[in-house]
Amino acid sequence: MPDAVIIDIVRTPGGRRNGALSGWHPVDLAAETLKALAERNDLDPALVDDVIMGCVMQAGAQALNVGRNAVLAAGWPEEIPSTTVDRQCGSSQQAAHFAAQGVLAGAYDVVIAAGVEVMSLVPMGASIGNGVGFPFGAAYNRYADVELIEGHKGLVGQGISAEIIANEWGLSREDLDTFGAQSQARAEQARDEGRFDNEIIPVRSKIRDKESGEVKELDDLVTSDEGIRPGTTVEGLAKLKPSFLPDGKVTAGNSSQICDGASAALIMSADKAAALGLTPRARFHTFALAGVDPVRMLTGPIPATTKAIDKSGLGIDDFDHIEVNEAFASVVLAWEKEHHPDMSKVNPNGGAIALGHPLGGSGTKLLATMLNELERTGGRYGLQTMCEGGGMANATVIERLG
């Protein structure tokens, strides 16, 4: 069986809501990452067998197979196919799984896994439309009588799920705010030390006016994540009002930021890399998936990590770098209570609380950060896991090469 290897991964900076990337069309922003992979690796795009694009809100500007449209917008040959997948927040992590598994199966020689979400333009919930065709069907009735937090029965939003998790794992507001402040501090340090420089591709600033929809394209380049807030303190976060419950613990300061962004990974067989004279940076080691109840929904990384550990033969202490998506601080802290990792290895460059969570673009975004950090520190194994709407999670183990 051939090894599925990572040649390169890139991402755009994370643009905050209505910020410097808000005027980008999702197709065009995703195309920037495809073009960057080809340019950085002197790759003939005609060699690409498929482009698998993660995107959650496949509506409006992100409808009709945003991956295929990005291939065409990049100016790549019309012969290159693409598909767009939705595993909620783990969509581009799943795209990486599908891409690597296609290489392992012998179906692909060269494939790109990518993701995009311009949340300023296509907001969360956009794919539900006007309510016609309510998406849950009989699943809604299955959980209608479940009440895990007073006053909220049945399938609840992710913010309420984050509150449920905080309560069930005994997490205080101070615990969540401490984690939120740490994410900001780590991200600021990582940015200032240039740890993101190899993964971020600068893109031109395009700002969309919220009222008129008019797009203003500026001359300046966006080179770093807009969500980083220097000087964030626990005391400052404590002043924020709860976002989902009047007496709740979850706030904007300990939750992921709405974000515009795209990312992409160049994946191929080791043999093809050798034939093209390209040096693999890592190989895919283990894949795992998990499902949990869709009310708590955000606990999926806990069993997904257990599966990844069991399948890989590695222990939690064998991982030199771990990325747990910071959808909410309570997600990561509950995961910590179950797996007891060295937390200095978990999101050492900050996470979505500081850097933003561009939904479908986050999977390959985190993969980029993990690979670059393994290279910077000389680590060998990395674990990435992410909670997903509906009660799912992906887990990926990579091994750095060289």
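About the cut-offs
Counting restarts for each chain: residues are numbered from 1 in the order of the written sequence. Note on the predicted model: pLDDT of at least 70 is required for a residue's local features to be given, and 80 or more for side-chain atom pairs to be given and counted; whole-chain, interface and lining totals, by contrast, use all residues. In computing side-chain properties, one takes all heavy atoms of the structure into account and sets aside hydrogens as well as water. To form a nonpolar core, buried Ala, Val, Leu, Ile, Met, Phe, Trp, Tyr and Cys residues must be joined to one another through side-chain atoms within 4.5 Å. Exposed residues in this analysis have more than 50% of their type's maximum accessible area, buried residues have under 20%, and partly exposed residues fall in between, with area computed by a 1.4 Å probe over protein chains only. For helices the rule is a DSSP run of H or I covering at least 4 residues; for strands it is a run of E covering at least 2, with both sets numbered from the N terminus onward. Whenever two N or O atoms come within 3.5 Å, that pair is a polar contact, provided that in protein one can donate a hydrogen and the other can accept it, and provided that, for residues adjacent in sequence, both atoms are side-chain atoms. A side-chain nitrogen of Lys or Arg and a carboxyl oxygen of Asp or Glu constitute a salt bridge if their distance falls within 4 Å. Any two residues whose heavy atoms approach within 4.5 Å are treated as being in contact. Aromatic pairing here means that ring centres of Phe, Tyr or Trp (its six-membered ring) are within 6.5 Å. Orientation follows from the plane angle: under 30 degrees is stacked, over 60 is edge-to-face, and everything else is tilted. Given a helix with a known number of residues, its expected span is that number minus one, times 1.5 Å. Residues form patches when they are more than 30% accessible in relative terms and have no salt bridge. Like charges link within 9 Å. Nonpolar side chains (Val, Leu, Ile, Met, Phe, Trp, Tyr) link within 5 Å. Note on areas: Shrake-Rupley with a 1.4 Å probe; residue coverage comes only from the protein chains shown. Only the stretch in contact is used when a helix axis is fitted, and all axes are lines through C-alpha atoms; the angle between N-to-C directions ranges over 0 to 180 degrees. For classification, angles of less than 35 degrees are called roughly parallel, those exceeding 145 degrees roughly antiparallel, those between 65 and 115 degrees roughly perpendicular, and all remaining angles oblique. Each residue is assigned to one class: nonpolar for Ala, Val, Leu, Ile, Met, Phe, Trp, Tyr, Cys and Pro, charged for Asp, Glu, Lys and Arg, and polar for all the others, Gly among them. By the counting scheme adopted, Arg and Lys are positive, Glu and Asp are negative, and His together with the chain ends is not counted. For this purpose, a charge sits on NZ of Lys, CZ of Arg, CG of Asp or CD of Glu. In predicted models, pLDDT denotes the confidence assigned by the predictor to each residue on a 0 to 100 scale. When DSSP locates at least two bridges between a pair of strands, those strands are taken to pair.

### Re the nonpolar core
Of all hydrophobic cores here, the largest spans 39 residues; its most connected members are Leu34, Val51, Trp76 and Ile112. Going through the elements one at a time, strand S1 (4-11), helix H1 (26-40), strand S3 (50-54), helix H2 (66-73), strand S5 (110-118) and strand S10 (259-269) are the ones with two or more residues in this core. Ranked by residues supplied to this core, first place goes to H1 with eight residues. If you look at the next biggest cluster of nonpolar residues, it comprises 38 residues, including Trp169, Leu171, Val332 and Leu383.

### Regarding the side chain of Gln384
Turning to its location among the elements, Gln384 is positioned in strand S13 (residues 381-388). Only 3.3 Å separates the side chain of Gln384 from the backbone nitrogen of Leu367, close enough to count as a polar contact.

### Structural notes on the pattern of salt bridges
Under the definition given, this model contains 17 salt bridges. Notably, a salt bridge pairs Arg40 with Asp8, separated by 2.8 Å at the nearest N-O pair. Linking Arg40 in helix H1 with Asp8 in strand S1, this pair joins segments that are 32 residues apart in sequence. The exposure class of Arg40 is partly exposed, given its relative accessible area of 35%. Residue classification places Asp8 among the buried residues on the basis of a relative accessible area of 4%. The partner of Glu217 in a salt bridge is Arg204, and the shortest N-O contact between them spans 4.0 Å. Residue Glu217 is located in strand S9 (residues 215-222), and its partner Arg204 is located in strand S8 (residues 203-208); the two are separated by 13 residues in the primary sequence. For Arg204, a relative accessible area of 32% translates into the label partly exposed. One salt-bridge network, held together by shared partners, links Asp3, Arg283, Arg380 and Glu399.

### As for helix H5 (residues 158-168)
Structural remark: α-helix, 3.6 residues per turn; residues separated by three or four positions point the same way. Most of H5 sits out of view: eight of its eleven residues are buried. Burial in H5 covers these residues: Gly159, Ile160, Ser161, Ala162, Glu163, Ile164, Ile165 and Ala166. Once H5 ends, the next one or two residues include Gly170, with phi positive near 65°.

### Observations regarding the environment of Ser127
You can see Ser127 is positioned in the loop between S5 and helix H4 (138-142). Spatially, the C-alpha atom of Ser127 lies 20 Å from that of Met297, the residues being 170 residues apart in sequence. Residues within four places of Ser127 in sequence aside, it is in contact with Val56, Met57, Gln58 and Ala59.

### Let's talk about the packing of aromatic side chains
The full count for this structure, using the stated rule, is two aromatic pairs. Consider the rings of Phe244 and Phe328, whose centres lie 6.3 Å apart with planes at 75°: the pair is edge-to-face. Remark: Phe328 occurs in the loop between strand S12 (321-324) and helix H10 (329-339) and Phe244 occurs in the loop between helix H7 (234-237) and S10; sequence separation between them is 84 residues. The class for Phe328 is buried, based on a relative accessible area of 7%.

### Let's talk about H1
With 15 residues, H1 should cover 21 Å at 1.5 Å per step; its first-to-last C-alpha distance of 22 Å lies within 8% of that length. All buried positions along H1 are accounted for by Pro26, Val27, Leu29, Ala30, Ala31, Thr33, Leu34, Ala36, Leu37 and Ala38. If you follow the buried residues of H1, they end up packed against S1, S3, H2, S5 and S10. Phi turns positive one or two residues past the end of H1, at Asp42, with a value near 50°.

### Observations regarding a nonpolar patch on the surface
A contiguous nonpolar surface patch, about 310 Å² in accessible area, is contributed by Phe134, Phe136 and Tyr140. Relative to the assigned elements, Phe136 resides in the loop between S5 and H4. Taking relative accessible area as the criterion, Phe136 reaches 41% and is therefore assigned partly exposed.

### With respect to the packing of helix H3 (residues 91-104) against helix H12 (residues 362-377)
Put simply, H3 and H12 touch, their axes get as near as 5 Å, and they point 75° apart. With respect to each other, H3 and H12 are oriented roughly perpendicular. Counting all contacts with H3, which are made through Ser92, Gln93 and Ala96, the residues of H12 involved are Ser362, Gly363, Thr364 and Leu367. Its residues assigned to classes, the contact of H3 with H12 comprises two nonpolar, five polar and no charged.

### Quick look at a negative patch on the surface
Among the surface-exposed residues, Asp317, Asp318, Asp320 and Asp342 lie close enough to one another that they form a single negatively charged patch. Within the fold, Asp317 resides in the loop between helix H9 (301-312) and S12.

### Section: unusual backbone geometry
Backbone geometry at Asp42 places phi at a positive 50°, although glycine is not the residue there. Tracing the chain through its elements places Asp42 in the loop between H1 and S3. Here the phi dihedral of Met297 falls at roughly 45°; this positive angle occurs in a residue that is not glycine.

### So, the confidence of the model for the chain
For the chain, the average pLDDT comes to 97, and 99% of its residues sit at 70 or higher. Mean pLDDT across the elements of the chain bottoms out in H4 (93) and peaks in S10 (99).

### Things to note about the environment of His321
Locating His321 in the fold gives a position in strand S12. Placed 254 residues apart in sequence, His321 and Gly67 show a C-alpha to C-alpha distance of 30 Å. In this structure the side chain of His321 is engaged in a polar contact, spanning 2.7 Å, whose partner is the side chain of Glu323.

### Some points on the pairing of S10
Where a strand is regular, its side chains alternate between the two sheet faces. For S10, the buried fraction is high: eleven of the eleven residues fall into the buried class. Note: S1 against S10, seven bridges, orientation antiparallel. Counted as the bridge partner of Arg11 is Ser263 from S10. Where strand S2 (residues 15-16) lies against S10, two bridges are found, and the strand directions are antiparallel. Note on S10: the bridge partner recorded for Arg16 is Cys259. Sheet topology note: the S5/S10 ladder contains nine bridges and is antiparallel.

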